[in-house]
Amino acid sequence: LCCFQLYGYCYQDSNDIPDTLTTITELGSPLEMIQLLQTSWEDRFRICLSLVRLLHYLAHSPLGSVTLLDFRPRQFVIVDGELKVTDLDDASVEESSCTSNSDCFMEFPARNFTLPCSVEGRCQSMNEKRNLYNAYRFFFTYLLPHSAPTSLRPLLDKIVNATGNHNKHGNAKNYYLALELSPSPSVNSEFTQKCVKSANTQYRRVPEAYIPDENYRCWPSYHHKGCLLSVFDVNEAIEICDSYSQCKAFVVTNQTTWTGRQLVFFKMASNHIVPDPDKITYVKVTD
C-alpha cells in the first residue's frame, strides 16, 4: 500500500558479478514537483493523503516507528495517483537515546526542535516527528494550500502550520484522520455540495450528444489540449462556463474523479455535435 510492490526477485552468483540480486517491482512515475503544481487540486490532495497514510503506517509499523533519513521527493514515485516510497535503504527503527531533553534536538534548514526525553531514555516520537516535518517542508507546504477550495483552506492551513510547528498534539494519526475527512460530502459544502447560485444564462440540454472539437485550454485541466474540469453537478458546470468568456457549451461525461466528481468538457462552440450515448451536451442559448 505504501511502498513499491515486489513481484519477484532473482539471485545469481556469477564469476563476473558475485552476489547479484535482481528485483522486479511495479512501475511508477518519477515525482516531478513542477508538474504536480500544474495538476488539479484533487490530484494533489490525493498525493498528500497517500503520503499521510504512509506516515501513519511508518509510525505504527510491525517493526516499530520507522523514520526515513533521506526523505526527499526523489525517494518517491506515483503509482495510479498514489504516492509510494521506493528506497528504504536509509530507513531506521532506532529512536534516539537520551539522558535529557537537550539530547533530543532536531535540526532542519529552516528551524530546529527539541523533543522531550522519556523516562525510558528515548526521545519521544522523534522518528514520527522527523517524518512529519519533512513531509511538511517537501510536500504539504506546496501541494495542499495552492488553489484549494475556499471553505477548506482554514482546515488545510491549520494542518500545514501544525506539521511545520510540531504541535504537541500533532501526530500522523491525527493528520491522517483530518485529511481523510476533508473532502467528505458531509463535511465540506463547497467541495462537494450543489451550487445554489442561480445562473442568468440559459442552456439547451442535448442528450446522448458530444462536441468532438471546439476545445480551448484552461487551468487546471485534466486534459492538456482542452478544458476538462470536475464538477459536482450541472449547476456548477453552468457557473464555470459562465465564468469563461470563450465558453459556449459543455459536455458532461460519464467519467468521475477519485472523489466522485463528474468530468466535464467545456467548449468554444457547438457547430458540430455528434451522437454519443455516454455524454450529455449543454449549449448556451443566445438571444
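Residues numbered from 1 in each chain as written. Predicted model: local features only at pLDDT ≥ 70, side-chain atom pairs only at ≥ 80, totals over all residues. Heavy atoms only, no water.

Looking at an unreviewed UniProt entry, the protein chain carries the name PKDCC kinase, with the source organism given as Erythrocercus mccallii.

A word on the overall build of the protein chain. A tally of regular secondary structure across the protein chain gives seven helices and 14 strands. Looking at the protein chain residue by residue over its 287 residues, the buried ones come to 44%. Summarising the internal contacts of the protein chain: among those between residues at least 6 apart in sequence, 64% fall at separations of at least 24. For the protein chain, the exposed area adds up to about 16,100 Å²; of that, 50% sits on carbon and sulfur atoms. (Helix = DSSP H or I, 4+ residues; strand = E, 2+ residues; numbered from the N terminus. Buried < 20%, exposed > 50% of the residue type's maximum accessible area, 1.4 Å probe, protein only. Contact = heavy atoms within 4.5 Å. Areas by Shrake-Rupley, 256 points an atom, 1.4 Å probe, with all protein chains shown as cover.)

As for its placement among the helices and strands, cysteine 117 is situated in the loop between strand E9 (112–114) and helix H3 (126–143). Sequence separation of cysteine 117 and cysteine 98 is 19 residues, and the distance between their C-alpha atoms is 6.1 Å. For cysteine 117, the residues in contact, after removing those within four places along its chain, are Cys98, Thr99, Ser100, Asn101, Cys104, Arg122 and Gln124.

A separate point is the confidence of the model for the protein chain. Mean pLDDT over the protein chain: 79, with 80% of residues reaching 70 or higher. Segment residues 184–199 is flagged for pLDDT under 50; beyond a separation of four residues in sequence, or across chains, it makes 32 contacts in the model. (pLDDT = per-residue confidence, 0-100.)

Once that is clear, we can look at the nonpolar core. Grouped together as the largest cluster of nonpolar side chains are 31 residues, with contacts concentrated most on Leu51, Phe71, Phe76, Leu83, Phe139 and Phe140. Those elements giving two or more residues to this core turn out to be helix H1 (33–37), helix H2 (41–59), strand E5 (76–79), strand E6 (82–85), H3 and helix H4 (153–165). The biggest single contributor to this core is H2, with 10 residues. Leave out the neighbours within four places in its chain, and phenylalanine 71 touches Leu51, Leu55, Phe76, Asn131, Asn134, Ala135, Phe138 and Phe139. (Core = buried A, V, L, I, M, F, W, Y, C linked by side-chain atoms within 4.5 Å.)

It is worth spelling out H3 at this point. Taking 1.5 Å as the rise per residue, H3 with 18 residues should run 26 Å; its terminal C-alpha atoms sit 24 Å apart, in good agreement. Tyrosine 136 marks where H3 bends most, by close to 50°. Of all the 18 residues making up H3, 14 are buried; the element is thus mostly covered by neighbouring parts of the structure. (Expected span 1.5 Å × (residues − 1). Bend = angle between axes of the 7 residues up to and from the residue.)

Counted under the stated rule, the structure contains one cavity of 30 Å³ or more. Of the voids in this model, the largest cavity is the one considered here, and its volume is about 50 Å³. Along the lines of polarity and charge, the residues of the lining of the largest cavity split into three nonpolar, one polar and four charged. (1 Å grid on protein atoms, 1.4 Å probe; cavity = no way out; pocket = protein on both sides within 12 Å on 5 of 7 lines; lining within 4 Å. Points joined across faces, edges and corners; volume = space filled by probe spheres on them. Nonpolar A, V, L, I, M, F, W, Y, C, P; charged D, E, K, R; others polar.)

This part covers the sheet that holds strand E10 (residues 203–210). Strand order across the open sheet formed by five strands is E10-E14-E12-E13-E11, with antiparallel pairing between neighbours. Every other strand in the sheet has two partners, leaving E10 and strand E11 (227–231) as the edge strands with one partner each. Across the sheet, the axes of successive neighbouring strands diverge by a mean angle of 30°, strand direction being ignored. Two strands pair when backbone bridges link them, and E10 and strand E14 (residues 274–284) are joined in this way by seven bridges, in the antiparallel orientation. Bridge assignment links tyrosine 210 to a residue of E14, and that residue is valine 274. (Pairing = 2+ DSSP bridges. Axes fitted to C-alpha atoms, helices over the stretch in contact; angles between N-to-C directions.)

Enumeration over the complete set of coordinates arrives at four disulfides. Residue pairing for cysteine 104: its cysteine sulfur links by disulfide to cysteine 123, the two sulfurs lying 2.1 Å apart. Residues cysteine 104 and cysteine 123 are joined by a disulfide whose S-S torsion is about -90°; by sign, that bridge is left-handed. Within this pair, whereas cysteine 104 is found in the loop between strand E7 (91–92) and strand E8 (105–107), its partner cysteine 123 is found in the loop between E9 and H3, the two being separated by 19 residues in sequence. For cysteine 123, a relative accessible area of 2% gives the class buried. The disulfide that involves cysteine 218 links it to cysteine 227, with 2.0 Å between the sulfurs. Measuring handedness by torsion sign, the sulfur bridge of cysteine 218 and cysteine 227 sits at about 95° and is right-handed. When the cysteines of the protein chain that form disulfides are numbered from the N-terminus onward, they connect as 1-3, 2-4, 5-6, 7-8. (Disulfide = S-S within 2.5 Å.)

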